[in-house]
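# Tertiary structure, described
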Amino acid sequence: MDLVEKLANERRARLAAERLLEQKKRELFAANQQLAVHARSLSDQVVAQREGLQRAIGEAETLKGENVRAQGEVVAAQTVAQNAQRRLWQALETVPDGFAVFDSKMRLTVANRAYLQIFEDVDGIKPGVTYDALLKIIAKEGIFDLEGMEAIDWHHEMVARISLANIPAKTVRLYNGQYVKLIDRRGEDGDLVCLVQDITQTIEREAELREARDAAEGANRAKSAFLANMSHEIRTPMNGVVGMAELLCESELTEENRLYAETIKSSGEALLVIINDVLDYSKIEAEKLKLYPE
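Let us look at the structure shown here. Just so it is clear, the structure is predicted and the values come from calculations on it, not from any experiment. (Residues numbered from 1 in each chain as written. Predicted model: local features only at pLDDT ≥ 70, side-chain atom pairs only at ≥ 80, totals over all residues. Heavy atoms only, no water.)

Look at helix α6 (residues 255-285): 45 Å from first C-alpha to last across 31 residues, which is about the 45 Å you get at 1.5 Å a residue. Taken as a whole, α6 has its buried residues at Ala261, Gly268, Leu272, Ile275, Leu279 and Ser282. Glutamate 287 sits one or two residues past α6 and shows a positive phi near 55 degrees. (Helix = DSSP H or I, 4+ residues; strand = E, 2+ residues; numbered from the N terminus. Expected span 1.5 Å × (residues − 1). Buried < 20%, exposed > 50% of the residue type's maximum accessible area, 1.4 Å probe, protein only.)

Summed over the entire model, instances satisfying the criterion amount to three aromatic pairs. Their ring planes at 55 degrees and their centres at 5.6 Å tell us that tyrosine 115 and phenylalanine 119 sit as a pair that is tilted. Looking at tyrosine 115, the relative accessible area reads 5%, which means it is buried. The exposure class assigned to phenylalanine 119 is buried, which follows from its relative accessible area of 4%. Note on phenylalanine 144 and tryptophan 154: the rings are 6.1 Å apart at their centroids and 85 degrees apart in plane angle, and the pair reads as edge-to-face. Of this pair, phenylalanine 144 sits in the loop between α3 (131-141) and α4 (151-162) while tryptophan 154 sits in helix α4; the two residues are ten residues apart in sequence, bridging distant segments of the chain. Classification of phenylalanine 144 as buried rests on a relative accessible area of 7%. (Phe/Tyr/Trp six-rings, centres within 6.5 Å; stacked < 30°, edge-to-face > 60°.)

Below, the structure written as structure tokens:
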């Protein structure tokens, strides 16, 4: 190979190397551009993520503050509810009437001292006891006066009573002579609210009033009988006075004496009218007065 050929080959090789270098430069430039774009994208993502992280941290702090505030409000509400419940229970403990609540399954949940004192010294009366078991204990221990009924019949009657939609009030006599009124109401969830009201003084007062009324009615009947008897006793001689005055007026009298006799007769008749009215009043009180359409 001569020198010209070698030079031509070297030139071709150099041109090829230059073209390859130029191509590699273009490829490197394109890669650098892509890298720059990717770097900017990553930078934007980092900035966005950093801003999102800051927002998340801020929101987390806000939520944390709201959570703390909510927890404080819950604690305050619980405190208010507990205080209200305590005051309500203290009020129920101060009332003289018995108060108890049975749940929807008729199990005793709460009861004040006045209610539990009715069953003093009786075992088994505590929260959790069923209403049915309570009735059986009452009948067995003689806590209530069954009014001559058999224990099982009384038990069935009391169970049927609380099964009604509107439970009627019932007055019972305790073993110690005390009278109480049972007032029971159903709650919206099926609970049974029981109130045992002491009405001993009311019963005693009613008995006293009945005795006073009977005594007054007896006195009134005695008065009516007295008026009727006295009217009859007075009317008989007054009829004699009037009759004799009429006979006297029919006899020969001076004008002055006739005036006296007629005065006696008219006065006696007026007195008879009064006596008859008194007799009618006594008949009215004795419900023996008859009225005629005429």
